[in-house]
Amino acid sequence: LKRSAASRLEKTSRGSTSLPGACAQHLRRTASENMGAICVLKIFVRLLGAVTSALFAWQAIWLMIHPDVQDFWTGCFWLGQVLLGLIAGASALFFEIRAGMTSVATQFAAFAMNRVGLACFYFWLGCYVMGGMGLMHVGEGWKMLAHATGILSWIVCVGNLCISCCSAPGQDEEAFKEKTTETGVVGKESA
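Residues numbered from 1 in each chain as written. Predicted model: local features only at pLDDT ≥ 70, side-chain atom pairs only at ≥ 80, totals over all residues. Heavy atoms only, no water.

If you tally the helices and strands in the protein, you get seven helices and zero strands. Each helix and strand of the protein, ordered N terminal to C terminal, gives the series α-α-α-α-α-α-α. Across the 191 residues in the protein, those meeting the buried criterion constitute 30%. Pairs at least 24 apart in sequence give 68% of the contacts found in the protein among residues at least 6 apart. Only carbon and sulfur atoms are counted for the fraction: they give 70% of the accessible area of the protein, which is about 11,800 Å². (Helix = DSSP H or I, 4+ residues; strand = E, 2+ residues; numbered from the N terminus. Buried < 20%, exposed > 50% of the residue type's maximum accessible area, 1.4 Å probe, protein only. Contact = heavy atoms within 4.5 Å. Areas by Shrake-Rupley, 256 points an atom, 1.4 Å probe, with all protein chains shown as cover.)

Below, the structure is given as structure tokens:
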């Protein structure tokens, strides 16, 4: 039966200071540092996503407080923009919070779908706010906020795509790793 390279390196590193043992220690240390960096990146992307969603919702709240309604048709458009901003902003905040829950964060498929879905949303959001249709004629400050929100949204989109394959290890994966390192053989039960 085949042993994995990591288990061979680990067995060599027990009780000796040989080169393979030093390599195994370096690999474990490097993997630990990389996992820490990935965790920081995931938290950073989620925080940027929450800020972007909040900015989008804030623009909808501003539109709600300052209605520009001349007739029924512009009133319908105004209401649609307000509802879109509130619902889209709240939904994105919900999915950002949901991504941190254990039920999503430890399941690769659920985490990847959550992140890819949010990447698509943030790409759309960036395109939508760049035009600034609701804030178009308000002033330069609001246009700049809309453009900043759009650029931030595209950055979050790319960040979500980058971390979509970085789910936290689930309980099944950890049990498999423990079983493999105990026996040194994939699929063999420990005695």
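Within the largest apolar cluster, 15 residues are counted, with the highest numbers of intra-cluster contacts made by F56, F121, Y122, L125 and V156. Breaking this core down by element, the ones donating at least two residues are α2 (19-65), α3 (72-99), α5 (108-131) and α6 (140-163). The element that contributes the greatest number of residues to this core is α5, accounting for six residues. Ignoring sequence-local partners within four residues, the contact set of F121 consists of A88 and A92. (Core = buried A, V, L, I, M, F, W, Y, C linked by side-chain atoms within 4.5 Å.)

Turning to α5, a few remarks are in order. Between its first and last C-alpha atoms α5 spans 35 Å; for 24 residues at 1.5 Å apiece the expected length is 34 Å, and the two agree. Of all the positions in α5, only F111, A112, N114, R115, L118, A119, F121, Y122, L125, G126 and V129 are classed as buried. (Expected span 1.5 Å × (residues − 1).)

Right, let's get into the pattern of salt bridges. Evaluation of the coordinates by the stated rule reveals two salt bridges. R115 is the salt-bridge partner of E96, the closest N and O atoms lying 3.2 Å from each other. Of the two residues, E96 sits in helix α3 while R115 sits in helix α5, which places them 19 residues apart along the sequence. An identical accessibility class is assigned to E96 and R115; each is buried. With a shortest N-O distance of 3.7 Å, E140 and K143 are connected by a salt bridge. Placement of the pair is E140 and K143 together in helix α6, with a separation of three residues, close to one helical turn. Of the residues examined, K143 reaches a relative accessible area of 31% and is grouped as partly exposed. (Salt bridge = Lys/Arg side-chain N within 4 Å of Asp/Glu carboxyl O.)

It is worth spelling out the confidence of the model for the protein at this point. Mean pLDDT for the protein: 76, with 66% of residues reaching 70 or above. Contacts for the low-pLDDT stretch residues 1-6, under 50 throughout, to residues beyond four places or in other chains number seven contacts. Per-residue pLDDT stays below 50 along residues 12-17; that stretch engages in seven contacts with residues further than four places along the chain or on separate chains. (pLDDT = per-residue confidence, 0-100.)

To continue, consider the side chain of T52. Mapping T52 onto the fold places it in helix α2. When neighbours within four sequence positions are excluded, T52 is seen to be in contact with Y122, L125, T149, L152, S153 and V156.

Now for the packing of α5 against α6. As a packed pair, α5 and α6 sit with axes 8 Å apart at the nearest point and diverge in direction by 160°. The angle between α5 and α6 places the two elements in the roughly antiparallel class. The interaxial crossing formed by α5 with α6 has left-handed handedness. Touching F111, R115, L118, A119, Y122, F123, L125, G126, C127, V129 and M130 of α5 are A146, H147, T149, G150, I151, S153, W154, V156, C157, N160, L161 and I163, all from α6. When grouped by side-chain class, the residues that make up the contact of α5 with α6 number 16 nonpolar, six polar and one charged. (Axes fitted to C-alpha atoms, helices over the stretch in contact; angles between N-to-C directions. Parallel < 35°, antiparallel > 145°, perpendicular 65-115°, else oblique. Left-handed = near helix turned anticlockwise from the far one by under 90°. Nonpolar A, V, L, I, M, F, W, Y, C, P; charged D, E, K, R; others polar.)

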